[in-house]
Amino acid sequence: MTNSKAIQRALISVYYKDGLAPIVQKLHENNVEILSTGGTLAFIKELGVPVTAVEDVTQFPEILGGRVKTLHPAIFGGILNRRDLPADQAHMAEHKLGPIDLVIVDLYPFEETLKSGASHADIIEKIDIGGISLIRAAAKNFNDVVIIPSVHQYGQFLDILNQQGATTNLDQRKSFAAEAFHVSSHYDTLIHHYFMNQESSYLKISEEKQSPLRYGENPHQKGVFFGDLDALFTKLHGKELSYNNLLDVDAAVRLMNEFKHDQPTFGILKHNNACGLATRNTLKEAYETALAADPVSAFGGILIANTKIDIETATLINDLFCEVLIAPSYSDEAIALLQSKKNRIILVQNDIELPTTLVRSALNGYLVQDADLATEGPENLEVKTKVAPSADEIQDLLFANKLVKHTKSNTIILAKNGQLLASGTGQTSRVDALRQAIHKAKSFGFDLNGAVMASDAFFPFPDCVEIAHNENINAVIQPGGSVKDDLSITYCDANQMSMVFTGVRHFKH
């Protein structure tokens, strides 16, 4: 083996003991001397394996309630000495220090303590000092020392012991060192976030869980998802989520969060935009109404509901080819039916909060912003015209405004009676977005008389309200804020249209 090194002396000091016993037994079989502390020392003694207390090596007891155990030259000199450097070996001989060839150590459970809702004092006590120092020291000296920084490396190391005995090569030690620096970096990032209360002038992201994807946005692109999908979803059926599926699912979940506490609401999305959405008295009606907006685009789409999917709704859904179906729950009969399609992905959405900070790469850096969490209600509407919208129109305007917030800019949303009629999405001109929406609504047979219009940004000219009026759309919601707002207001007043301002723009790029 390349640069093979024998393990003759090991330091083992861990918080979690699961999976440790076979490693200890194997080291003992290979005549490795073991040093340990506290609870790990007692654990190894119970296995009947000889072990030496660290304080017998350092000739200094644990102090400060265990805060100081291993921070001593006898330990760190043993780890950090370079075996091929005569000056280091002279120091080792002068001070009668013994080398340490293997360090197995983990860290106090800071992340778990934080998630448990523990007190500030308890959280601070779970900031590891000795362990992190041992990990970094052993990883730095990977040329001579093996570092096992967490329980996740136990299996790999045990395989090495079984196959090679107490011997490692340089590539193996370097691989363990890389894992060690990840453990250290991730741990420090969590502590940094805690102290900064998630607000920092630095960008630090550390996600340990990853899911390799079949490919990225296209087959020639590599893709990986970093994060804990299992915390957000319980997968009941179907193939693995793809890169594009995940983007669409993200858009679907964020959109449906707007309707989380509303009457039964069903959404259908394609390429991050809603092609159907409706709120009704029953979920079956909501699905039928949402599908009617664009049954063509619904093919291969992402379906999401804000309430339990029953067998009546599932029977209709089963006739449609869809990639992903998301709901907070399903009836047993619905699940049995929906699982009849082999590749259909069925997800139960768990009730957890989504991140409130959004990060994306741009140029040679990253853009970071707060998530758009502003949702306007009746109290946020400012009537700018002589004619005020009716109660039913206000309900539709707010419905459309929620949709416009989650649709690619420039966008116009047309809605009526709690139903998305059509949207103009991702257009370079707001006029083009409106014309696209009108054309689409008419192509599916919708009567625009009495519909409302929502815009993600202000109207710099009255052309959009004029086009809308010509289609008998007489209620409009928009942010306002143009120096030429009066032009649109004047046109509305002259044509008995109502228009409300929200004061909040909802661009989405």
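Residues numbered from 1 in each chain as written. Predicted model: local features only at pLDDT ≥ 70, side-chain atom pairs only at ≥ 80, totals over all residues. Heavy atoms only, no water.

### Examining the overall build of the chain
- Each helix and strand in the chain was counted, giving 19 helices and 23 strands.
- Relative to the compact-globule value of 23 Å for 509 residues, the chain shows a C-alpha radius of gyration of 31 Å, a clear excess of over 25%.
- When its C-alpha atoms are laid out on the principal axes, the chain stretches across 100 × 55 × 45 Å.
- Across the 509 residues in the chain, those meeting the buried criterion constitute 46%.
- Of the contacts formed within the chain by residues at least 6 apart in sequence, a portion of 57% connects residues at least 24 apart.
- Total accessible area computed for the chain in this model is approximately 25,100 Å², and 51% of it derives from carbon and sulfur atoms.
- In the chain, 45 positive and 61 negative side-chain charges are present, and the distance between their average locations comes to 5 Å. (Helix = DSSP H or I, 4+ residues; strand = E, 2+ residues; numbered from the N terminus. Rg over C-alpha atoms; globule rule 2.2 N^0.38 Å. Buried < 20%, exposed > 50% of the residue type's maximum accessible area, 1.4 Å probe, protein only. Contact = heavy atoms within 4.5 Å. Areas by Shrake-Rupley, 256 points an atom, 1.4 Å probe, with all protein chains shown as cover. Lys, Arg positive; Asp, Glu negative; His and termini not counted. Charge placed at Lys NZ, Arg CZ, Asp CG, Glu CD.)

### Observations concerning the sheet that holds strand β5 (residues 102-105)
- Taken in spatial order, the five strands of this open sheet run β4-β3-β2-β5-β6, and their pairing is parallel. Each of the sheet's edge strands pairs with one partner strand only, and the pair in question is β4 (52-53) and β6 (146-148).
- By the bridge criterion, two bridges tie strand β3 (residues 33-36) to β4 in an arrangement that is parallel. Its bridge partner being in β4, S36 is matched across the sheet by A53.
- Here helix α1 (residues 21-29) sits on the sheet in contact with β2 (9-13), β3 and β5, set at roughly 160 degrees to β5. (Pairing = 2+ DSSP bridges. Axes fitted to C-alpha atoms, helices over the stretch in contact; angles between N-to-C directions.)

### A few points about α1
- Those residues of α1 not exposed but buried are I23, V24 and L27. The buried residues of α1 occupy one face: seen down the axis, they fall within an arc of 100 degrees.
- For α1, the secondary structure elements touched by its buried residues are β2, β3, α2 (38-46), β5 and α9 (154-164).
- Phi for N31, located one or two positions after α1, is positive at around 60 degrees. (Arc of directions from axis to C-beta.)

### With respect to the packing of helix α4 (residues 73-80) against helix α8 (residues 130-140)
- With their axes 8 Å apart at the nearest point, α4 and α8 run at an angle of 30 degrees to one another. The angle between α4 and α8 falls in the class roughly parallel. For the pair α4 and α8, contact is made by I75, F76, I79 and L80 and by S133, L134, A137, A138 and K140, respectively.
- Along the lines of polarity and charge, the residues of the contact of α4 with α8 split into seven nonpolar, one polar and one charged. (Parallel < 35°, antiparallel > 145°, perpendicular 65-115°, else oblique. Nonpolar A, V, L, I, M, F, W, Y, C, P; charged D, E, K, R; others polar.)

### Looking at the packing of aromatic side chains
- For the structure shown, the criterion picks out eight aromatic pairs.
- On the basis of an interplanar angle of 85 degrees and a centroid distance of 5.8 Å, the ring pair of Y194 and F195 is categorised as edge-to-face.
- Taken together, the ring pairs in this structure connect F110, Y187, Y194 and F195 into an aromatic cluster.
- A cation over a ring is seen here: K402 above F259, with NZ or CZ 4.8 Å from the ring centre. (Phe/Tyr/Trp six-rings, centres within 6.5 Å; stacked < 30°, edge-to-face > 60°. Lys NZ or Arg CZ within 6 Å of the ring centre and 35° of its normal.)

### Let's talk about the pairing of strand β15 (residues 345-349)
- Within β15, five of the five residues are buried, leaving the element largely enclosed by the surrounding structure.
- Of the two faces of β15, the one lined by I345, L347 and Q349 and the one lined by I346 and V348 are each fully buried.
- Examined bridge by bridge, strand β10 (residues 233-237) and β15 share four bridges and lie antiparallel to one another. For T234, the partnering residue across the bridge sits in β15 and is V348.
- Note on the crossover from strand β14 (residues 322-327) through helix α15 (residues 332-338) to β15: the handedness is right-handed. (Right-handed = clockwise from strand over helix to strand, strands pointing away.)

### Side note on the confidence of the model for the chain
- Mean pLDDT over the chain stands at 92; residues scoring 70 or higher make up 98%.
- Highest mean pLDDT in the chain belongs to strand β19 (residues 412-416) (98); lowest belongs to helix α6 (residues 110-115) (82). (pLDDT = per-residue confidence, 0-100.)

### Structural notes on the pattern of salt bridges
- Tallied over the full model, the rule gives 18 salt bridges.
- For R9, the salt bridge identified is with E33, shortest N-O distance 3.4 Å. Note that R9 is positioned in strand β2 and E33 in strand β3, a separation of 24 residues in sequence.
- Notably, a salt bridge pairs K442 with E471, separated by 2.9 Å at the nearest N-O pair. Of this pair, K442 sits in helix α17 (residues 430-443) while E471 sits in the loop between α18 (463-470) and β22 (475-478); the two residues are 29 residues apart in sequence, bridging distant segments of the chain.
- Judged by relative accessible area, K442 falls into the partly exposed class, the value being 47%. (Salt bridge = Lys/Arg side-chain N within 4 Å of Asp/Glu carboxyl O.)

### Description of the packing of α9 against helix α10 (residues 170-196)
- Packing of α9 against α10 brings their axes to within 12 Å, and their N-to-C directions diverge by 165 degrees. Put simply, α9 runs roughly antiparallel to α10. The chirality of how α9 crosses α10 is left-handed. From α9, Q156, F157, I160 and Q164 reach across to α10, where they touch Q172, S175 and F176.
- In terms of residue class, the contact of α9 with α10 is made up of three nonpolar, four polar and no charged. (Left-handed = near helix turned anticlockwise from the far one by under 90°.)

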